[in-house]
Amino acid sequence: MLTRSRLAELSLLIVAMMWGCTFLMIQSAVEALPPLAFNAVRFIGAALLLGLIITVFYRKEWRQFSVKMLLHGSLLGVFLFGGYALQTIGLLYTTTSNAGFITGLSVVMVPMLAAVLLRHKLSKISLASAVLAAFGLYLLTFSGGSFIPNRGDGLILLCAFAFALHIGFTGMYAPKYPALPLAAIQLAVTGLLSLAASLMTEHLGAMSHLGNTLMRPEVLVALLVSIGPTSAFAFWIQTVSQQHTTPTRVAVIFAMEPVFAALTGVLFAGEHLGFAALIGCACILAGMIAAELQPAASSVEAVPHPAADSQDNKEISA
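In what follows, the accompanying structure is described. (Residues numbered from 1 in each chain as written. Predicted model: local features only at pLDDT ≥ 70, side-chain atom pairs only at ≥ 80, totals over all residues. Heavy atoms only, no water.)

1. A look at the packing of helix α7 (residues 124-142) against helix α14 (residues 275-292)
Then comes step 1: Here α7 crosses α14 at 160°, and the two axes come no closer than 7 Å. The angle between the axes of α7 and α14 places the two elements in the roughly antiparallel class. Of the two possible hands of crossing, α7 and α14 adopt the one that is left-handed. Packed against α7, whose contacting residues are Ile 125, Ser 129, Leu 132, Ala 133, Phe 135, Gly 136, Leu 137, Leu 139 and Leu 140, the element α14 presents Ala 276, Ala 277, Ile 279, Gly 280, Cys 281, Cys 283, Ile 284, Ala 286, Gly 287, Ala 290 and Ala 291 at the interface. (Axes fitted to C-alpha atoms, helices over the stretch in contact; angles between N-to-C directions. Helix = DSSP H or I, 4+ residues; strand = E, 2+ residues; numbered from the N terminus. Parallel < 35°, antiparallel > 145°, perpendicular 65-115°, else oblique. Left-handed = near helix turned anticlockwise from the far one by under 90°. Contact = heavy atoms within 4.5 Å.)

2. Quick notes on the state of the cysteines
Then comes step 1: Scanning all chains against the criterion turns up 0 disulfides.
Then comes step 2: No disulfide involves Cys 281; its nearest neighbouring cysteine sulfur is the one of Cys 283, lying 9.4 Å away.
Then comes step 3: For Cys 281, a relative accessible area of 11% translates into the label buried. (Disulfide = S-S within 2.5 Å. Buried < 20%, exposed > 50% of the residue type's maximum accessible area, 1.4 Å probe, protein only.)

3. As for the side chain of Ser 129
Then comes step 1: By secondary structure assignment, the location of Ser 129 is in helix α7.
Then comes step 2: According to the relative accessible area criterion, Ser 129 is buried, its value standing at 1%.
Then comes step 3: Setting aside anything within four residues of it in sequence, one finds Ser 129 in contact with Val 252, Gly 287, Ala 290 and Ala 291.

4. Quick look at the nonpolar core
Then comes step 1: Residues Leu 50, Val 107, Leu 140, Leu 187, Trp 236 and Phe 254 are the most contacted members of the largest nonpolar core, which totals 73 residues.
Then comes step 2: Considering each element in turn, this core owes the most residues, 10 residues, to helix α8 (residues 153-173).
Then comes step 3: Ranked by size, the runner-up nonpolar core spans 10 residues in total, among them Ile 26, Phe 38, Leu 210 and Val 219. (Core = buried A, V, L, I, M, F, W, Y, C linked by side-chain atoms within 4.5 Å.)

5. Quick notes on the pattern of salt bridges
Then comes step 1: Per the stated rule, a full pass over the model turns up 3 salt bridges.
Then comes step 2: Here Glu 9 ties to Arg 249 by a salt bridge, and the two come within 2.9 Å at their closest N and O atoms. Of the two residues, Glu 9 sits in helix α1 (residues 4-21) while Arg 249 sits in helix α12 (residues 247-254), which places them 240 residues apart along the sequence. Each member of the pair, Glu 9 as well as Arg 249, is classed as buried.
Then comes step 3: Glu 218 serves as the salt-bridge partner of Arg 216, at 2.8 Å between the closest nitrogen and oxygen.
Then comes step 4: On the basis of relative accessible area, Glu 218 is assigned to the partly exposed category, the value being 27%. (Salt bridge = Lys/Arg side-chain N within 4 Å of Asp/Glu carboxyl O.)

6. Let's talk about the side chain of Ser 198
Then comes step 1: Relative to the helices and strands, Ser 198 is located in helix α9 (residues 179-201).
Then comes step 2: The exposure class assigned to Ser 198 is buried, which follows from its relative accessible area of 0%.
Then comes step 3: When residues no more than four places from it in sequence are discounted, the contact partners of Ser 198 are Leu 36, Ala 37 and Leu 204.

7. What about the environment of Thr 170?
Then comes step 1: By secondary structure assignment, the location of Thr 170 is in helix α8.
Then comes step 2: Thr 170 gets classed as buried once you look at its relative accessible area, which sits at 1%.
Then comes step 3: Along the sequence, Thr 170 and Val 252 sit 82 residues apart, while their C-alpha atoms lie 15 Å from each other.
Then comes step 4: Filtering out sequence-adjacent residues up to four positions away, Thr 170 remains in contact with Leu 76, Leu 165, Pro 175, Gln 238, Thr 239 and Gln 242.

8. Notes on helix α13 (residues 257-268)
Then comes step 1: Taking 1.5 Å per residue, 12 residues should reach 16 Å; α13 reaches 16 Å between its end C-alpha atoms and fits that length.
Then comes step 2: Among the residues making up α13, those that are buried are Val 259, Phe 260, Ala 262, Thr 264 and Gly 265.
Then comes step 3: Looking at the buried positions of α13, the neighbouring elements they touch are α1, α2 (23-29), α7 and α14.
Then comes step 4: Of the residues flanking the end of α13, it is Gly 270, one or two places downstream, whose phi is positive at about 70°. (Expected span 1.5 Å × (residues − 1).)

9. Quick look at the packing of helix α6 (residues 106-117) against α12
Then comes step 1: Here α6 crosses α12 at 175°, and the two axes come no closer than 8 Å. Classified by the angle between their axes, α6 and α12 sit roughly antiparallel to one another. Counting all contacts with α6, which are made through Val 107, Val 110, Pro 111 and Ala 114, the residues of α12 involved are Pro 247, Thr 248, Ala 251 and Val 252.

10. What about the environment of Leu 293?
Then comes step 1: Mapped onto the fold, Leu 293 is located in the loop between α14 and α15 (308-316).
Then comes step 2: Here Leu 293 falls in the exposed class, since its relative accessible area comes to 69%.

See the structure below:
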């Protein structure tokens, strides 16, 4: 039987697949448009799209808007911006492999944060599945090589912590508010902070040049995909899903993102996965299965908001 928690986790796996499968597309786009500027357009556009969806289809949810929701959604946006910004800066001083692996360490941080924030029991299976997924990330990232520290690794570690905080605090706030406005707020804050950071640190050139860059096919397509499926709908799905599953399971499921990215590279970029990378993929998959073998995620302790029951089925199917 497909319970709410299983449906939520399947939806999160689809989100991880979307993020992984569009990695090459976004990587190509940020070679033309600076990454913070790209994120500014991406997240502001996603917030506007969710705002339009709320206004047209879920207008009653605006009535549940509150100062507390704004503060909590803004905090999620700060964490999300921190993760992306620190990763962008850190990549200037370390390797892509180091960044990919260290960012993935959030999968180990989340169970500990969930134990503190939500008072979830830190079970041996949860911790083992997270460690197994992290080990798989190491094998997949370095493909038999070894980790060599760089001076940007500390920034990437802070990035991983920011992403872990985002998952942990989403687990706290998602059951308390309607998913759509909460997702829209955090995306708007992420986009506005990205815009401010871009204006302060990136050279964007003249408006005409920026406009031409935005209209380049690889940039335009990447932005359209990022604004809709991999931002607006992805974080909407995450917010709804975290009403029905634990942050630890979310983190382990999201560890599948680099697996999908690697498979996309093999299929469309002619990349080759060595034996160690294949073992790494298997470890991540095993970690996810181990997390799923635990009892269904009925331990999400926060009380749902009044409109949750009437909206969940409609929202999670999006």
